[in-house]
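Geometric and topological summary
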Amino acid sequence: MGLRLFLPEGWTSDLARMKRARVPADRRAFRSKPEIAIDEIDRVKAAGVRFGCVLADAGYGLSAPFRQALSERGLKWAVGFARHQKVYPADVSLVFPVAGRGRPRQRHIPDTKSIAAEAMLTDVAWRSVSWRRGTKGRLTARFAAARVRVADRPTQRIRDMGGQHTPGEEAWLIGERRSSGERKYYLSNLPADTPIKTLAGTIKARWICEQAHQQLKEELGLDHFEGRSWTGLLAQTVCVVVSASDRKQLEAVTADRNRQRKHAERAQVVLASADGGPVQQIAARLGVSRPMVWRWQQRFAEAGVGGLLRDKTRKPGKPPIAADTVARIVALTCSDPPNEATHWTGRAMAKAAGISLRSVQRIWEAHKLQPHRIRTFKRSRDPQFAIKLADVVGLYVDPPAHAVVLSIDEKRSHGVTAIRSLKVRSQPLALEHRHVTDRLPPTVETAVRTDLGAIFVSMELSRSSWLLTSLSPGGGEKMSKHSLRSGDVAGLRARLSQLKDKVRVRTGKIVPIIAIQEAGLDGFWIHRSLQNDGIESYIVDPASIATPRRRRRAKTDKIDGEALVRALLAYMRGEPRVCAMVRAPTPHEEDRRRICRERKTLTAERVKHINRIKGLLFAQGISDYEPLQRKRRERLEELRTGDGRRCPSN
């Protein structure tokens, strides 16, 4: 969750030293370790974290205010305890002492003397308990437990014994005898009916925290770090712990191609931080800066996965456009343009309104205004327009006898020159000449070919949905879009059948279907399924489709679906280098490739584990151990550290 630096009182009392180290002003007051721990618990509880049980060593367990603060917050705890700490039996009672002389006593005193925790467990039965399985077998020790009341309340003079602490809350006193002869004592406020095996397992769960602390020392270098400032130390003390559910969400974000790139980079930063390693190494591997790594580590600690997927709200750099300015632009757009122009252009409106071109475009988009598409009469600037109009209209109203009238239309964007004949009197002349590109229709009226001999369908596939974009004969240049649930093959077949039925009703013809999809996550099973249904299917390399470089645009399914259809049309026309189609492998070829890929992945994992084992042993002064040897386990038992110790059991 985070780390908090403890500053000794010798530091906090020296203000000049604190200022030189750049310690924040709110951290300059002295706080004990138990007080810091309670503050951190309150912070993570406010963030929505739920606690099963709070675990701590004897350094915190000996603090009565720490234990009482946990109980006041309704938390279960299990802490280390000193063997000489005083406790009372659970059935101790508070009574009024009988005064031999003087005034009557005003306060209760316990009816039993307090004794050391070690002496309290002398007559309690000890039993062998196993709490989990380690790398060398089950971990076992002998435990004993008894219900006691801790002597941690305010002191009270008790007879001739002087000031003694009175009984506090009832708790479990647990003793542990290890195989090495070492004895440990613990205290816990778990319920009175908790079995001893549960008590032992709860106490030993603190091993995870000890392992994390050891890795902070060894792998992040906290055991030998020397710094001159507060920020320098905090840069080395970043420890990100990711739960299984959060890891699953982060991996889904990095694998989703429809996500924004910045979200994927943030998820990769958190995953790399959870795997361990210095910040400098993480930044170099991901190609980002160190401040970015620190920023998203902190955001994940504060707001979880949701905090990575949303940006903090910021004040706008410029004030928003006033409402009266927006109303004036809308009114001008609907009025006549200046200087006998055919329509309002964005730059002309920006100059007239005194705002930027992009602001005008945003206002038009918000109000769905398209001045360049207004269907109305246009004013011609040709001074001979009236004479030419009379000549053209006269040809239709009173055409001359024994003459041929040619209508010439040239479209430079398609390389098409069309010459059509006009009916003269009652006898038409079948004169027609066209120079068109390969596979273009006889009459090119739109930007997209509409008199097709097939139904062209593109499929944009993702984990959650499939988006179908289709262009059908007789439906004009508008492309239809339909969304399906991911994996719904029956719905896909039904949609394709519905498209064929519509074309048959519209044109009276039965046309084939040609489909295209990107090579990616879904593999080639959809391609094979379509081919089995008699549908011509293609798989395109998405990197081979040209994209505009004039300006950056957002990636949407709408743009991708239409681009795929246009690429398929161009490919079917025979245009060179429009895109690169992928040859779909057979199932046997896919299985053969998968074996090689899995073997490569497993080999990389094995190398990673071997390097990790060697690194851990080298840190202990052992450099001649080979984890791949046959007798590696026997060899592990014989190893000795550089200072002559045996390797620890864990």
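Residues numbered from 1 in each chain as written. Predicted model: local features only at pLDDT ≥ 70, side-chain atom pairs only at ≥ 80, totals over all residues. Heavy atoms only, no water.

**Quick word on the overall build of the protein chain**
Applicable threshold: Helix and strand assignments follow DSSP, with helices taken as H or I runs no shorter than four residues and strands as E runs no shorter than two, numbered in order from the N terminus. Each residue's exposure class comes from its accessible area (1.4 Å probe, protein chains only) as a fraction of the maximum for that residue type: buried when under 20%, exposed when over 50%, partly exposed otherwise. Note on contacts: a residue pair is in contact if any heavy atoms of the two residues lie within 4.5 Å. For every accessible area listed, the method is Shrake-Rupley and the probe measures 1.4 Å; residues are considered covered only by the protein chains on display.
A tally of regular secondary structure across the protein chain gives 22 helices and 18 strands. Of all 650 residues assigned to the protein chain, the portion counted as buried reaches 31%. At a minimum sequence separation of 6, the contacts of the protein chain that also span at least 24 residues come to 52%. Here the protein chain displays about 42,800 Å² of accessible surface, and carbon together with sulfur accounts for 51% of that area.

**Some words on the packing of helix H10 (residues 244–255) against helix H13 (residues 290–308)**
Rule in force here: The convention used is that axes are lines fitted to C-alpha atoms, helices contributing only their stretch in contact, and that angles between N-to-C directions extend from 0 to 180 degrees. Roughly parallel means an angle under 35 degrees; roughly antiparallel, over 145; roughly perpendicular, 65 to 115; everything else is oblique. Each crossing gets its handedness from the near helix: less than a right angle anticlockwise from the far helix is left-handed, clockwise is right-handed.
Between H10 and H13, the shortest axis-to-axis distance is 10 Å and the interhelical angle comes to 45°. The orientation of H10 relative to H13 falls into the category oblique. Pair H10 / H13 crosses with left-handed handedness. Across the interface between the two elements, Asp246, Gln249 and Leu250 of H10 pack against Phe300, Val305 and Leu308 of H13.

**Some remarks on H13**
The following threshold applies: Multiplying 1.5 Å by the residue count of a helix minus one yields the expected span of that helix. Consider a residue and the seven residues that end there alongside the seven that start there; fitting an axis to each set, the bend is the angle between those axes.
Compared with an ideal rise of 1.5 Å per residue, which puts 19 residues at 27 Å, H13 spans 17 Å between its outermost C-alpha atoms and falls more than 12% short. Along H13, the sharpest kink reaches roughly 110°, centred on Glu302. Within the span of H13, buried status applies to Met292, Val293, Trp296, Gln297, Arg299, Phe300, Gly304, Val305, Gly307 and Leu308. Considering only its buried residues, H13 is in contact with H10, helix H11 (261–275) and helix H12 (279–286).

**Comments concerning a positive patch on the surface**
Let me state the cut-off plainly: Surface patches are defined over residues having more than 30% relative accessible area and no salt bridge, joining like charges when they lie within 9 Å and nonpolar side chains (Val, Leu, Ile, Met, Phe, Trp, Tyr) when within 5 Å. The term salt bridge refers to a pairing of a side-chain nitrogen on Lys or Arg with a carboxyl oxygen on Asp or Glu at a separation within 4 Å. Note that His is not counted, nor are the chain ends; the positive residues are Lys and Arg, and the negative ones are Asp and Glu. Where a charge lies is defined by one atom per residue type: Lys uses NZ, Arg uses CZ, Asp uses CG and Glu uses CD.
Together, Arg127, Arg133, Arg138 and Lys197 line one region of the surface with positive charge. On the secondary structure map, Arg138 appears in strand E8 (residues 137–157).

**Some details on the side chain of Gln517**
Summarising the element assignment, Gln517 is placed in strand E17 (residues 513–518). With relative accessibility at 0%, the residue Gln517 sits in the buried group. Among all residues touching Gln517, those that are not within four sequence positions of it are Met459, Leu461, Gly523, Ile526, His527, Tyr538, Ile539 and Val540.

**Examining the packing of aromatic side chains**
For clarity, the threshold we go by: Only centres within 6.5 Å qualify two rings of Phe, Tyr or Trp (six-membered ring in Trp) as a pair; their planes then separate them into stacked at under 30 degrees, edge-to-face at over 60, and tilted for everything else. Only Lys NZ and Arg CZ are tested; either one counts as a charge over a ring when it is within 6 Å of the ring centre and within 35 degrees of the ring normal.
All told, the structure shown has four aromatic pairs when counted by the stated rule. Measuring from centroid to centroid gives 5.7 Å for Tyr60 and Phe66, while their planes differ by 50°, and the two rings are tilted. Looking at Tyr60, the relative accessible area reads 26%, which means it is partly exposed. Directly above the ring of Trp131 sits Lys204, whose terminal nitrogen or CZ lies 5.0 Å from the centroid.

**Observations concerning the pattern of salt bridges**
This structure, assessed with the given rule, holds 25 salt bridges. Arg247 is the salt-bridge partner of Asp275, the closest N and O atoms lying 3.5 Å from each other. On the criterion of sequence distance, the pair formed by Asp275 in helix H11 and Arg247 in helix H10 is long-range, its members being 28 residues apart. Classification of Asp275 as partly exposed rests on a relative accessible area of 49%. According to the relative accessible area criterion, Arg247 is partly exposed, its value standing at 26%. Among the charged side chains, a salt-bridge network with shared partners connects Glu176, Arg178, Glu182, Lys184 and Lys204.

**Digging into a nonpolar patch on the surface**
On the surface, a cluster of nonpolar side chains totalling about 370 Å² of accessible area is made up of Phe385, Leu389, Val393 and Val397. Mapped onto the secondary structure, Val393 falls in helix H17 (residues 385–397). With relative accessibility at 40%, the residue Val393 sits in the partly exposed group.

**Quick notes on the sheet that holds E17**
Within a beta sheet, neighbouring strands are joined by backbone hydrogen bonds and run either parallel or antiparallel to one another. Heads up, the rule is: Here the rule is simple: two strands pair whenever DSSP picks up at least two bridges between them.
If you walk across this open sheet you meet the five strands as E16-E15-E14-E17-E18, and the pairing is mixed. Looking at which strands have only one partner, the edges of the open sheet turn out to be strand E16 (480–485) and strand E18 (536–540). Each neighbouring strand pair of the sheet contributes to a mean axis angle of 20°, computed without reference to strand direction. Each of strand E14 (455–461), strand E15 (465–471), E16 and E17 is contacted by helix H18 (residues 489–507), which is oriented at about 155° to E14, the strand it contacts most.

**Digging into the confidence of the model for the protein chain**
Using the following cut-off: pLDDT: the predictor's confidence for each residue, scored from 0 to 100.
Scored by pLDDT, the protein chain comes out at a mean of 80, with 82% of its residues at no less than 70. Scored below 50 in pLDDT, residues 411–450 makes 77 contacts in the model with residues more than four places away or belonging to other chains.

**Here we look at the environment of Ser472**
Among the structural elements, Ser472 can be located in the loop between E15 and E16. Residue classification places Ser472 among the buried residues on the basis of a relative accessible area of 11%.

**Things to note about unusual backbone geometry**
Phi is positive for Lys368, which is not a glycine, with a value near 55°. Locating Lys368 in the fold gives a position in the loop between helix H16 (357–366) and H17. Looking at Lys368, the relative accessible area reads 76%, which means it is exposed.

**What about the nonpolar core?**
Note the threshold: Nine residue types can take part in a nonpolar core, namely buried Ala, Val, Leu, Ile, Met, Phe, Trp, Tyr and Cys, and a core is a set of them joined through side-chain atoms within 4.5 Å.
In this structure, Phe66, Leu70, Trp77, Phe81, Leu173 and Leu187 are the most contacted members of the largest nonpolar core, which totals 25 residues. Put simply, the parts of the chain that give this core at least two residues each are helix H3 (33–46), strand E1 (54–56), helix H5 (64–72), strand E2 (77–81), helix H6 (117–120), E8, strand E9 (163–177) and strand E10 (183–188). Not counting residues up to four positions away in its chain, the partners in contact with Phe81 are Ala58, Gly61, Leu62, Arg67, Val87, Ala117, Val150, Leu173, Tyr185, Tyr186 and Leu187. One finds Val269, Ala272, Ala283 and Val288 within the second-largest nonpolar core, a separate group that totals 19 residues.

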